Amino acid sequence: MDRIEEKLKILADAAKYDVSCSSSGSKRQNTGGIGDASFGGICHTYTEDGRCVSLLKILLTNHCIYDCAFCVSRRSNDVKRAAFTVEEVVDLTMNFYRRNYIEGLFLSSGIFKNADFTMERLLLIVKKLRTEQRYNGYIHLKTIPGASEELIREAGLYVDRMSINLELPTEEGLKLLAPEKDHDSVKKPLAFVKEQIQQLRSEAKMIKHTPSFVPAGQSTQMVIGATPETDLQIMSVANTFYQDYKLKRVYYSGFVPIHQEHSLLPSIGSAPPLLRENRLYQTDWLLRFYDFRLDEILNAEHSHLDLEVDPKLSWALRNPQYFPIDINTADYKMIIRIPGVGRQSALKIMQARKFGKLREYQLKKMGIAFNRARHFMVCADSVVSLGTPSMETVRGHILSKGNSKYKGKIGQGQLLLFS
Amino acid sequence: MYYLFDHTFPGLLCCVFESFERKEFEITPVLEEEFQPDFFSHTRKIVTVPEKAGRVQQALLQKVGRQTALDFFKIFLSEDREAWRALFSIIQYVFRYSPEIWQNYGHPDVLYLVQTLKKVNRERHRMKAFVRFHKSRDGLYVASIEPDFNVLPLISDFFRKRYADQHWLIYDVKRGYGLLYDQCQVTEVHLMEEEHAANRRRTSVGDTRALEIPLDDRDRDFQRLWKQYYSSTNIESRRNLRLHLRHVPKRYWKYLTEKEYG
């Protein structure tokens, strides 16, 4: 028992820098055993850093033959090493799942011996869970770069999501910090899994029963702030990966300094770039759900996101020609572009205005961020002011009235790293 | 005029039935035991008749569809008196004029109901996440909860499908009833009166587990492992207690294994 506890401590600690936590996207049903997948995902608890815990996220082992400077488990790092046995992982997963602690298993591993040997072990675990334990809960499996296609294909038949991390946004960055790796070894398996998914999907149109293959799709992760990329570079890479590999998610992980000696990396004690990470996620959402094009938000002139205001507001301030938008007549596509109005509120507005012109007091109650939105929209009873205020004034107004959680933090330390 | 009913959903539907039968439309439905009569108030005691409630429910299904009818039931489970009043008035409106009122988010009653619905749905989702089973010596997985709203009926299907091969009991300490699953069907169970009273005493003095059940030998081990995992997966340099508390408000900690005091 004590030994298991120590292993869990080491191997959970080593896995936590992988930020992917989602348990959504799969419709796997309980077929006579235990467990099913919840399509929207369920976060079972949250740690004190505010991140959700939905999966038991562990490494099979933190022994690794690679020496990537940004990774805690790198060969040259002096940390305690441990390895779970296959049975231990199965036992932990089942017992946590049965107590409703978790939504499923997130299994990754350091690479020991070689890629295939590692991948075989991971495959053995997921197979045991699915067949011996008749477990139908969520499984997120890391694809091991360099593993053979046969192993990846077989694993895909048992898991819900697969992912493989880009680690650093650019090839140059990767050369610098992890000379043994390259982006191609990530792209190849991503492309392979994507093709398999598409192939099975087209077969499913003709054949009644095709096996489910990685039903929740693939994701990847980039470390932010370890190397000096611009936000434009980062988001361009993300955008390309969304398009080329049909990824479900790209995760941005603010670099948490883990050792002193590397001269190229931010040193221990410097805060992880949480605000920048937040802005990148906001941009990611604008691209995927708000129909923004990347060059509207980031371009050669604006290659970094504004840390003071969110990217939609920043775009609106740069493009006053689109505003104010009349919420009683504008179409959905324009309404979701108003800063402070989300998709839910936009749908409510579209429904409600069929019953009569909407007034300010009604919008205030619908759950929009009125302090931000008021400068960019007109309601039935909005006071028309002579001459439009300059966008600089609007910005000042919003910032002075707003209650940003980042108030007072901007420009302290975080920015200096990248200037 | 006040209609006095019995705090059940069929009871509320019967109020609707009676109000149409008697053509009394200026109605506020209130709970019989909560009603404080004053000198001028007229009241009518509504008896819950399943057939009448069934007819109203059928009519509702036809008028507004399955989803909205379910939403009405969910709103009822909020146990919020103001929501009950608004719900009653909106159902009346649906039958007298138009079911489209439900999309009019500019209407104060509709907006209030939509917001209540959101709260109930959130609580339902929370209970899917925050239920923590303890395994008893005889193999029953037991969990106690104290949800803000009466959401047990809304999570029953979820747990039945997911934990189909284990016996489980989820007990609502606040409302004094639970769901018991025996690998075949879910049944509603109640504690005996004196057990319930003893339970109330125990929970009010701060005992974290409401039900006293001998645990499986390995259960303590897995609780310990879970706590270990919970603390090792936290990244200290990203500490953000404000966000943490927003996601896991303190009132839920009592039943969360990883948050248990001591």
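Residues numbered from 1 in each chain as written. Chains lettered and ligands numbered in written order. Predicted model: local features only at pLDDT ≥ 70, side-chain atom pairs only at ≥ 80, totals over all residues.

As for the overall build of chain A
For chain A, the helix and strand inventory stands at 15 helices and 10 strands. For a compact globule of 419 residues, the expected C-alpha radius of gyration is about 22 Å, and chain A comes in at 24 Å, within 12% of that figure. Taking the principal axes of the C-alpha coordinates as reference, chain A spans close to 75 × 55 × 40 Å. Evaluated residue by residue, chain A yields a buried proportion of 44% over its 419 residues. Excluding contacts between residues fewer than 6 apart, the proportion of contacts in chain A whose partners are at least 24 apart in sequence is 70%. (Helix = DSSP H or I, 4+ residues; strand = E, 2+ residues; numbered from the N terminus. Rg over C-alpha atoms; globule rule 2.2 N^0.38 Å. Buried ≥ 20, exposed ≤ 12 C-beta atoms within 10 Å, placed from the backbone. Contact = placed C-beta atoms within 7 Å.)

Some words on the domain arrangement of chain B
Residues and elements named next belong to chain B. Split into domains, chain B comes out as domain 1 (2–123) and domain 2 (131–259). Counting residues at the interface gives six residues for domain 1, matched by seven residues for domain 2. A breakdown of the residues in the side of domain 1 that touches domain 2 according to their chemical character gives two nonpolar, one polar and three charged. (Domains from an automatic or database assignment. Nonpolar A, V, L, I, M, F, W, Y, C, P; charged D, E, K, R; others polar.)

With respect to the sheet that holds strand β3 (residues 43–45) of chain B
Residue and element names in this part refer to chain B. Pairing in this open sheet of three strands is parallel, and the strands run β2-β1-β3 from one edge to the other. Bordering the open sheet on either side are β2 (28–31) and β3, each of which pairs with just one other strand. Across the sheet, the mean angle separating the axes of adjacent strands is 30° when strand polarity is ignored. Two strands pair when backbone bridges link them, and strand β1 (residues 2–5) and β2 are joined in this way by four bridges, in the parallel orientation. In the sheet register, Y3 faces β2, and the bridge partner there is P29. (Pairing = 2+ DSSP bridges. Axes fitted to C-alpha atoms, helices over the stretch in contact; angles between N-to-C directions.)

Focus: the interface of chain B and chain A
Taken together, the contacts link 40 residues of chain B with 44 residues of chain A. Breaking the side of chain B that touches chain A down by element, the ones donating at least two residues are α4 (108–130), α5 (152–162), α7 (219–232) and α8 (241–247) of chain B. A total of nine residues in the side of chain B that touches chain A trace back to one element, the largest contributor, which is α7(B). Looking at the side of chain B that touches chain A residue by residue, the classes come out as 18 nonpolar, 12 polar and 10 charged.

Comments concerning the environment of A:D331
Within the secondary structure layout, A:D331 lies in the loop between β9 (325–326) and α11 (332–335). Distance in space between the C-alpha atoms of A:D331 and A:A346 is 9.5 Å, their sequence separation being 15 residues.

As for the confidence of the model for chain B
All names here are of chain B. For chain B, per-residue confidence averages 91 on the pLDDT scale, and residues scoring 70 or more make up 92% of the total. Here residues 205–209 is modelled with pLDDT under 50, and outside its nearest four sequence neighbours on either side it reaches four contacts, counting other chains as well. Note on the complex model: pTM 0.91, ipTM 0.91. (pLDDT = per-residue confidence, 0-100.)

What to know about α4(B)
Residue and element names in this part refer to chain B. Taking 1.5 Å per residue, 23 residues should reach 33 Å; α4 reaches 32 Å between its end C-alpha atoms and fits that length. Residues of α4 that are buried: L113, T116, V120, E123, R126, M127, A129 and F130. Packed against the buried residues of α4 are α2 (50–76), α3 (81–96), β5 (141–145) and α5. (Expected span 1.5 Å × (residues − 1).)

Examining the packing of helix α1 (residues 9–21) of chain B against α3(B)
Residues and elements named next belong to chain B. At a minimum axis separation of 11 Å, α1 and α3 run at an interaxial angle of 45°. It follows from the interaxial angle that α1 and α3 lie oblique. Seen along the crossing, α1 lies across α3 with a hand that is right-handed. Of the residues in α3, those in contact with L12, C15, V16, S19 and F20 of α1 are W84, F88, I91, Q92 and F95. Of the residues that constitute the contact of α1 with α3, the class distribution is eight nonpolar, two polar and no charged. (Parallel < 35°, antiparallel > 145°, perpendicular 65-115°, else oblique. Left-handed = near helix turned anticlockwise from the far one by under 90°.)

What about the nonpolar core?
The biggest cluster of nonpolar side chains holds 163 residues, and the ones touching the most others in it are A:L11, A:L56, A:V126, B:C15, B:L87 and B:I170. Those residues in contact with A:L56 that sit more than four places away from it in its chain are A:L92, A:T93, A:F96, A:I102, A:L105, A:F106 and B:Y229. (Core = buried A, V, L, I, M, F, W, Y, C linked by C-beta atoms within 7 Å.)

Notes on the sheet that holds strand β6 (residues 168–172) of chain B
Residue and element names in this part refer to chain B. The five strands lie next to each other as β4-β5-β6-β7-β8, forming an open sheet whose pairing is mixed. The sheet is open, and its two edges are formed by β4 (134–135) and β8 (186–190), each paired on a single side. Examined bridge by bridge, β6 and strand β7 (residues 177–181) share five bridges and lie antiparallel to one another. By the bridge assignment for β7, Y171 is matched with G178.

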